[in-house]
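The lines below spell out each chain.
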Amino acid sequence: MKFLHLALTSLAVLVTLWPDGARAQQELVFIGSGKKNIEAFRFNLESGALTKIGLAAEIQHPSFLSISPNHKFLYAISEGGSEATSSISAYALDAAAGKLTFLNKQPAGGAGPCYVEVDPSGKTALIANYGSGSFAAFPLGENGEVQPISAFIQDQGSSVNRARQQGPHGHCLVAGPGGHFVFGCDLGLDKVMIFKFSPDKGKLVANEPAFAQLKPGAGPRHIAFHPDAKWAYVINEMGSTITAFGFDGSAGTLGEIQTISTLPEGFSGQSTCAEVAVHPLGKFVYGSNRGDDSIAVFACDAASGRLTFIERVPTGGKTPRQFEIDPTGRYLLAGNQDSNTVAVFRIDTATGRLQPTGSKVESDNPMCVRCLMTP
(Lines give C-alpha, C1' and ligand atoms only; values in the text may rest on other atoms or scores of the structure.)
Protein backbone atom coordinates (compact mmCIF):
# COMPACT_ATOMS: atom_id res chain seq x y z
CA MET A 1 0.00 0.00 0.00
CA LYS A 2 2.89 2.37 0.72
CA PHE A 3 4.22 1.99 -2.81
CA LEU A 4 0.74 2.49 -4.29
CA HIS A 5 0.30 5.57 -2.16
CA LEU A 6 3.57 6.98 -3.47
CA ALA A 7 2.46 6.43 -7.06
CA LEU A 8 -0.92 8.10 -6.47
CA THR A 9 0.77 10.99 -4.68
CA SER A 10 3.10 11.54 -7.64
CA LEU A 11 0.13 11.46 -10.00
CA ALA A 12 -1.67 14.04 -7.88
CA VAL A 13 1.39 16.27 -8.00
CA LEU A 14 1.53 16.01 -11.76
CA VAL A 15 -2.13 16.88 -12.19
CA THR A 16 -2.64 19.57 -9.56
CA LEU A 17 0.65 21.46 -9.28
CA TRP A 18 1.68 21.74 -12.89
CA PRO A 19 -1.43 21.69 -15.13
CA ASP A 20 0.05 24.41 -17.34
CA GLY A 21 3.58 24.77 -16.00
CA ALA A 22 2.60 28.03 -14.31
CA ARG A 23 3.28 27.08 -10.71
CA ALA A 24 6.98 26.41 -10.59
CA GLN A 25 8.56 24.74 -7.61
CA GLN A 26 12.16 23.90 -6.95
CA GLU A 27 13.95 20.80 -5.85
CA LEU A 28 17.21 20.49 -4.02
CA VAL A 29 19.70 18.20 -5.77
CA PHE A 30 22.76 16.65 -4.14
CA ILE A 31 25.48 15.12 -6.28
CA GLY A 32 28.13 12.82 -4.82
CA SER A 33 31.44 12.74 -6.64
CA GLY A 34 33.84 9.87 -6.98
CA LYS A 35 36.54 12.06 -5.43
CA LYS A 36 36.00 14.27 -2.40
CA ASN A 37 32.79 16.25 -2.16
CA ILE A 38 29.02 16.45 -2.22
CA GLU A 39 27.69 19.38 -4.24
CA ALA A 40 24.27 21.04 -3.97
CA PHE A 41 22.12 22.44 -6.80
CA ARG A 42 18.70 24.05 -7.19
CA PHE A 43 16.46 22.46 -9.80
CA ASN A 44 13.75 24.57 -11.44
CA LEU A 45 10.77 22.34 -12.22
CA GLU A 46 9.36 24.75 -14.78
CA SER A 47 12.45 25.21 -16.93
CA GLY A 48 14.33 22.01 -16.05
CA ALA A 49 17.44 24.06 -15.26
CA LEU A 50 20.03 23.15 -12.62
CA THR A 51 21.79 25.98 -10.78
CA LYS A 52 24.78 25.29 -8.58
CA ILE A 53 24.60 26.33 -4.92
CA GLY A 54 28.07 25.12 -4.05
CA LEU A 55 29.90 22.65 -1.86
CA ALA A 56 27.57 20.96 0.62
CA ALA A 57 30.12 18.71 2.35
CA GLU A 58 33.66 17.42 1.96
CA ILE A 59 34.03 13.66 2.16
CA GLN A 60 36.35 11.17 0.50
CA HIS A 61 34.80 9.18 -2.39
CA PRO A 62 31.06 9.74 -1.67
CA SER A 63 29.94 7.35 -4.39
CA PHE A 64 26.38 6.81 -3.15
CA LEU A 65 23.88 8.88 -1.17
CA SER A 66 20.53 8.35 0.54
CA ILE A 67 18.11 10.91 2.00
CA SER A 68 16.04 9.89 5.03
CA PRO A 69 12.24 9.61 4.58
CA ASN A 70 11.70 12.63 6.87
CA HIS A 71 14.12 14.66 4.68
CA LYS A 72 16.12 15.76 7.72
CA PHE A 73 19.26 13.71 7.12
CA LEU A 74 21.54 12.53 4.33
CA TYR A 75 23.79 9.48 4.45
CA ALA A 76 26.87 8.92 2.30
CA ILE A 77 29.26 6.04 1.94
CA SER A 78 32.99 6.55 1.41
CA GLU A 79 34.11 3.96 -1.12
CA GLY A 80 37.51 3.24 0.37
CA GLY A 81 39.76 0.60 -1.12
CA SER A 82 40.06 -1.27 2.17
CA GLU A 83 37.84 -1.97 5.16
CA ALA A 84 39.89 0.51 7.20
CA THR A 85 39.10 3.40 4.83
CA SER A 86 35.45 2.53 4.13
CA SER A 87 32.68 4.21 6.11
CA ILE A 88 29.12 5.55 6.28
CA SER A 89 28.64 9.20 7.29
CA ALA A 90 25.54 11.02 8.57
CA TYR A 91 24.68 14.66 7.88
CA ALA A 92 21.94 16.99 9.06
CA LEU A 93 20.23 18.42 5.98
CA ASP A 94 19.41 22.14 5.68
CA ALA A 95 17.11 22.25 2.65
CA ALA A 96 16.74 26.04 2.69
CA ALA A 97 20.49 26.63 2.47
CA GLY A 98 21.41 23.49 0.57
CA LYS A 99 23.96 22.63 3.24
CA LEU A 100 24.96 19.49 5.08
CA THR A 101 26.30 19.42 8.64
CA PHE A 102 28.41 16.42 9.59
CA LEU A 103 27.02 14.37 12.48
CA ASN A 104 29.13 11.24 12.73
CA LYS A 105 30.39 8.19 10.88
CA GLN A 106 30.85 4.47 11.38
CA PRO A 107 33.04 1.84 9.66
CA ALA A 108 31.15 0.28 6.74
CA GLY A 109 31.83 -3.25 7.94
CA GLY A 110 33.55 -4.25 4.71
CA ALA A 111 35.73 -3.02 1.86
CA GLY A 112 34.57 -0.92 -1.06
CA PRO A 113 31.01 0.07 -0.05
CA CYS A 114 29.10 1.08 -3.16
CA TYR A 115 25.48 1.53 -2.02
CA VAL A 116 23.51 2.96 0.88
CA GLU A 117 19.75 3.18 1.43
CA VAL A 118 17.64 4.26 4.39
CA ASP A 119 14.74 1.85 4.88
CA PRO A 120 11.16 3.23 4.63
CA SER A 121 10.80 3.46 8.42
CA GLY A 122 13.86 5.71 8.61
CA LYS A 123 15.32 3.55 11.36
CA THR A 124 18.04 1.65 9.50
CA ALA A 125 20.73 2.34 6.91
CA LEU A 126 21.46 -0.56 4.56
CA ILE A 127 24.88 -0.94 2.92
CA ALA A 128 26.39 -3.16 0.23
CA ASN A 129 30.17 -3.68 0.27
CA TYR A 130 31.37 -4.50 -3.23
CA GLY A 131 35.03 -5.20 -2.48
CA SER A 132 34.48 -7.71 0.31
CA GLY A 133 31.12 -9.05 -0.92
CA SER A 134 29.07 -8.30 2.17
CA PHE A 135 25.90 -6.55 3.38
CA ALA A 136 25.42 -4.56 6.57
CA ALA A 137 22.70 -2.76 8.54
CA PHE A 138 23.13 0.23 10.85
CA PRO A 139 20.49 1.59 13.26
CA LEU A 140 19.86 5.34 12.98
CA GLY A 141 19.33 7.50 16.04
CA GLU A 142 16.50 10.02 16.30
CA ASN A 143 19.16 12.72 15.97
CA GLY A 144 20.23 11.16 12.67
CA GLU A 145 23.51 9.70 13.86
CA VAL A 146 24.62 6.30 12.60
CA GLN A 147 24.81 3.74 15.39
CA PRO A 148 27.25 0.78 15.44
CA ILE A 149 26.57 -2.04 13.01
CA SER A 150 23.61 -4.26 13.96
CA ALA A 151 23.71 -6.90 11.21
CA PHE A 152 26.43 -8.23 8.94
CA ILE A 153 26.16 -10.82 6.17
CA GLN A 154 29.27 -12.15 4.41
CA ASP A 155 28.44 -13.79 1.07
CA GLN A 156 30.39 -16.81 -0.13
CA GLY A 157 30.96 -18.35 -3.55
CA SER A 158 31.74 -17.37 -7.16
CA SER A 159 30.37 -17.62 -10.68
CA VAL A 160 31.45 -18.21 -14.26
CA ASN A 161 33.38 -15.05 -15.16
CA ARG A 162 36.87 -15.59 -13.76
CA ALA A 163 37.87 -11.97 -14.23
CA ARG A 164 34.98 -10.46 -12.27
CA GLN A 165 33.26 -13.26 -10.38
CA GLN A 166 36.02 -14.99 -8.45
CA GLY A 167 34.20 -14.10 -5.25
CA PRO A 168 31.14 -12.25 -3.97
CA HIS A 169 30.54 -8.58 -4.81
CA GLY A 170 27.55 -7.03 -3.07
CA HIS A 171 26.21 -4.18 -5.19
CA CYS A 172 23.03 -2.97 -3.50
CA LEU A 173 20.81 -3.66 -0.51
CA VAL A 174 17.22 -2.49 -0.98
CA ALA A 175 14.14 -2.67 1.23
CA GLY A 176 11.19 -4.23 -0.60
CA PRO A 177 7.55 -3.09 -0.49
CA GLY A 178 6.26 -3.16 3.06
CA GLY A 179 9.77 -3.10 4.52
CA HIS A 180 9.67 -6.69 5.82
CA PHE A 181 12.29 -8.04 3.39
CA VAL A 182 15.49 -6.61 1.93
CA PHE A 183 17.17 -7.65 -1.30
CA GLY A 184 20.90 -7.68 -1.99
CA CYS A 185 22.22 -7.96 -5.53
CA ASP A 186 25.52 -9.85 -5.59
CA LEU A 187 27.30 -9.38 -8.91
CA GLY A 188 29.90 -12.02 -8.09
CA LEU A 189 27.38 -14.78 -7.37
CA ASP A 190 24.69 -13.98 -9.98
CA LYS A 191 22.15 -13.94 -7.16
CA VAL A 192 19.71 -11.60 -5.50
CA MET A 193 20.04 -12.45 -1.82
CA ILE A 194 16.80 -12.21 0.19
CA PHE A 195 16.66 -11.38 3.91
CA LYS A 196 13.90 -11.08 6.45
CA PHE A 197 14.21 -7.63 7.97
CA SER A 198 13.32 -6.13 11.34
CA PRO A 199 13.77 -2.33 11.17
CA ASP A 200 13.21 -1.91 14.91
CA LYS A 201 16.18 -4.16 15.63
CA GLY A 202 18.17 -3.63 12.42
CA LYS A 203 18.50 -7.39 11.92
CA LEU A 204 18.90 -9.39 8.71
CA VAL A 205 18.03 -13.10 8.60
CA ALA A 206 18.23 -15.30 5.50
CA ASN A 207 14.85 -15.88 3.91
CA GLU A 208 13.62 -19.25 2.65
CA PRO A 209 14.45 -19.42 -0.22
CA ALA A 210 17.53 -17.35 0.49
CA PHE A 211 18.05 -16.01 -3.03
CA ALA A 212 16.79 -15.63 -6.59
CA GLN A 213 19.14 -16.97 -9.27
CA LEU A 214 20.19 -14.96 -12.33
CA LYS A 215 21.71 -16.29 -15.55
CA PRO A 216 25.39 -17.23 -15.09
CA GLY A 217 27.56 -14.25 -15.98
CA ALA A 218 24.69 -11.75 -15.76
CA GLY A 219 26.19 -9.78 -12.87
CA PRO A 220 23.13 -8.36 -11.06
CA ARG A 221 23.79 -4.82 -9.90
CA HIS A 222 20.64 -2.96 -8.73
CA ILE A 223 16.99 -3.83 -8.08
CA ALA A 224 13.94 -1.54 -8.25
CA PHE A 225 10.36 -2.36 -7.25
CA HIS A 226 7.16 -1.42 -9.06
CA PRO A 227 4.80 0.95 -7.16
CA ASP A 228 2.04 -1.69 -7.09
CA ALA A 229 4.44 -4.06 -5.24
CA LYS A 230 3.82 -6.92 -7.70
CA TRP A 231 7.00 -6.66 -9.77
CA ALA A 232 10.73 -6.10 -9.36
CA TYR A 233 13.38 -5.27 -11.96
CA VAL A 234 17.05 -6.23 -11.70
CA ILE A 235 19.61 -4.62 -13.99
CA ASN A 236 22.48 -6.94 -14.86
CA GLU A 237 25.77 -5.10 -15.22
CA MET A 238 27.75 -7.69 -17.17
CA GLY A 239 24.90 -9.11 -19.24
CA SER A 240 23.51 -5.65 -20.21
CA THR A 241 19.99 -6.87 -19.49
CA ILE A 242 17.05 -6.21 -17.20
CA THR A 243 15.31 -9.17 -15.58
CA ALA A 244 11.67 -8.75 -14.57
CA PHE A 245 10.47 -10.69 -11.52
CA GLY A 246 7.10 -11.28 -9.96
CA PHE A 247 7.20 -10.39 -6.26
CA ASP A 248 5.34 -12.24 -3.51
CA GLY A 249 5.18 -9.75 -0.65
CA SER A 250 4.02 -12.30 1.93
CA ALA A 251 6.86 -14.76 1.28
CA GLY A 252 9.50 -12.28 0.09
CA THR A 253 10.18 -14.35 -3.03
CA LEU A 254 11.05 -13.39 -6.61
CA GLY A 255 9.94 -15.39 -9.67
CA GLU A 256 11.57 -14.63 -13.02
CA ILE A 257 9.22 -13.43 -15.76
CA GLN A 258 11.46 -12.07 -18.51
CA THR A 259 14.98 -10.92 -19.38
CA ILE A 260 15.40 -8.18 -21.99
CA SER A 261 18.50 -6.51 -23.48
CA THR A 262 19.28 -2.85 -22.84
CA LEU A 263 21.56 -2.57 -25.90
CA PRO A 264 20.88 -2.07 -29.62
CA GLU A 265 20.49 -5.24 -31.65
CA GLY A 266 23.87 -6.30 -33.02
CA PHE A 267 25.82 -4.07 -30.63
CA SER A 268 29.47 -5.19 -30.63
CA GLY A 269 31.22 -2.62 -28.44
CA GLN A 270 32.07 -2.68 -24.76
CA SER A 271 29.24 -1.68 -22.44
CA THR A 272 27.99 -2.46 -18.95
CA CYS A 273 24.73 -1.58 -17.23
CA ALA A 274 24.51 0.53 -14.09
CA GLU A 275 21.21 1.95 -12.77
CA VAL A 276 17.57 0.88 -13.01
CA ALA A 277 14.48 2.85 -11.96
CA VAL A 278 10.72 2.46 -12.21
CA HIS A 279 8.74 5.60 -12.99
CA PRO A 280 6.57 6.75 -10.03
CA LEU A 281 3.42 6.05 -12.07
CA GLY A 282 4.60 2.48 -12.73
CA LYS A 283 4.21 2.73 -16.51
CA PHE A 284 7.88 2.78 -17.49
CA VAL A 285 11.27 1.31 -16.52
CA TYR A 286 14.61 2.96 -17.26
CA GLY A 287 18.12 1.48 -17.35
CA SER A 288 21.54 2.99 -18.06
CA ASN A 289 24.28 1.71 -20.36
CA ARG A 290 27.93 2.63 -19.77
CA GLY A 291 29.79 2.31 -23.07
CA ASP A 292 26.76 2.75 -25.26
CA ASP A 293 26.25 5.78 -22.95
CA SER A 294 22.49 5.76 -23.10
CA ILE A 295 19.27 5.36 -21.16
CA ALA A 296 17.10 2.47 -22.35
CA VAL A 297 13.37 3.10 -21.93
CA PHE A 298 10.76 0.33 -21.56
CA ALA A 299 6.99 0.24 -21.21
CA CYS A 300 5.75 -1.84 -18.29
CA ASP A 301 2.63 -3.96 -18.80
CA ALA A 302 0.29 -3.41 -15.86
CA ALA A 303 -1.15 -6.92 -16.01
CA SER A 304 2.00 -9.02 -16.43
CA GLY A 305 4.95 -6.83 -15.41
CA ARG A 306 6.65 -7.58 -18.73
CA LEU A 307 8.73 -4.92 -20.47
CA THR A 308 8.53 -3.69 -24.06
CA PHE A 309 11.32 -1.58 -25.55
CA ILE A 310 10.40 2.04 -26.36
CA GLU A 311 13.64 3.88 -27.14
CA ARG A 312 17.28 4.37 -26.28
CA VAL A 313 18.49 7.93 -25.65
CA PRO A 314 22.13 9.14 -25.49
CA THR A 315 22.96 10.75 -22.15
CA GLY A 316 25.09 13.47 -23.74
CA GLY A 317 28.21 12.32 -21.92
CA LYS A 318 30.33 9.35 -20.92
CA THR A 319 29.55 6.58 -18.45
CA PRO A 320 26.11 7.20 -16.91
CA ARG A 321 26.81 5.37 -13.64
CA GLN A 322 23.64 6.53 -11.93
CA PHE A 323 20.55 8.57 -12.70
CA GLU A 324 17.59 9.85 -10.71
CA ILE A 325 13.93 10.32 -11.62
CA ASP A 326 12.82 13.41 -9.72
CA PRO A 327 9.93 13.08 -7.19
CA THR A 328 7.35 14.52 -9.60
CA GLY A 329 8.20 11.99 -12.31
CA ARG A 330 8.67 14.77 -14.86
CA TYR A 331 12.47 14.71 -15.18
CA LEU A 332 15.41 12.32 -15.31
CA LEU A 333 18.85 13.55 -14.21
CA ALA A 334 21.76 11.50 -15.55
CA GLY A 335 25.24 11.65 -14.02
CA ASN A 336 27.90 11.16 -16.69
CA GLN A 337 30.79 10.04 -14.53
CA ASP A 338 33.66 10.18 -17.05
CA SER A 339 32.68 13.45 -18.75
CA ASN A 340 31.98 15.28 -15.47
CA THR A 341 28.45 16.40 -16.33
CA VAL A 342 24.88 15.92 -15.15
CA ALA A 343 22.30 16.17 -17.95
CA VAL A 344 18.59 16.80 -17.52
CA PHE A 345 15.86 15.08 -19.57
CA ARG A 346 12.14 15.82 -19.59
CA ILE A 347 9.95 12.70 -19.30
CA ASP A 348 6.80 12.47 -21.38
CA THR A 349 4.53 10.95 -18.75
CA ALA A 350 2.18 9.61 -21.45
CA THR A 351 4.80 7.78 -23.52
CA GLY A 352 7.83 7.49 -21.22
CA ARG A 353 10.09 9.04 -23.85
CA LEU A 354 12.98 11.30 -22.87
CA GLN A 355 13.71 14.74 -24.32
CA PRO A 356 16.90 16.65 -23.45
CA THR A 357 16.10 19.97 -21.80
CA GLY A 358 19.45 21.43 -22.79
CA SER A 359 20.35 21.83 -19.13
CA LYS A 360 23.72 20.30 -18.33
CA VAL A 361 25.97 21.21 -15.41
CA GLU A 362 29.56 20.38 -14.60
CA SER A 363 30.25 18.16 -11.62
CA ASP A 364 33.53 16.49 -10.78
CA ASN A 365 33.14 12.75 -11.42
CA PRO A 366 29.39 12.56 -10.60
CA MET A 367 28.50 9.13 -9.25
CA CYS A 368 25.16 9.64 -7.47
CA VAL A 369 22.30 12.14 -7.90
CA ARG A 370 19.59 12.63 -5.28
CA CYS A 371 16.56 14.97 -5.53
CA LEU A 372 14.52 16.45 -2.68
CA MET A 373 11.31 18.47 -3.13
CA THR A 374 11.43 21.86 -1.40
CA PRO A 375 8.69 24.48 -0.84
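See the structure shown above.
Residues numbered from 1 in each chain as written. Predicted model: local features only at pLDDT ≥ 70, side-chain atom pairs only at ≥ 80, totals over all residues. Heavy atoms only, no water.

### Comments concerning the overall build of the protein chain
- A tally of regular secondary structure across the protein chain gives 1 helix and 28 strands.
- Since a compact globule built from 375 residues should have a radius of gyration of about 21 Å, the 19 Å found for the protein chain is in line with a globular shape.
- Across its three principal axes, the protein chain shows a C-alpha extent of roughly 55 × 50 × 40 Å.
- Within the span of the protein chain, comprising 375 residues, buried residues form 59% of the whole.
- Counting 30 positive and 33 negative side-chain charges, the protein chain places the averaged centre of each group 1 Å from the other. (Helix = DSSP H or I, 4+ residues; strand = E, 2+ residues; numbered from the N terminus. Rg over C-alpha atoms; globule rule 2.2 N^0.38 Å. Buried < 20%, exposed > 50% of the residue type's maximum accessible area, 1.4 Å probe, protein only. Lys, Arg positive; Asp, Glu negative; His and termini not counted. Charge placed at Lys NZ, Arg CZ, Asp CG, Glu CD.)

### Some thoughts on unusual backbone geometry
- With an omega of 0°, the peptide bond between E208 and P209 qualifies as cis.
- Phi at D293 is positive, roughly 50°, even though this residue is not glycine.
- Relative to the assigned elements, D293 resides in the loop between strand 21 (284-290) and strand 22 (294-300).
- Take D293: its relative accessible area is 17%, and that puts it in the buried class.

### Remarks on the environment of G352
- When you line up the elements, G352 lands in the loop between strand 26 (341-347) and strand 27 (354-362).
- A relative accessible area of 0% places G352 in the buried class.
- Taking C-alpha positions, G352 is 38 Å from R162, a pair spaced 190 residues apart along the chain.
- Other than its neighbours up to four places away in sequence, G352 contacts F284, Y286, V297 and I347. (Contact = heavy atoms within 4.5 Å.)

The analysis is restricted to geometry; functional conclusions fall outside its scope.
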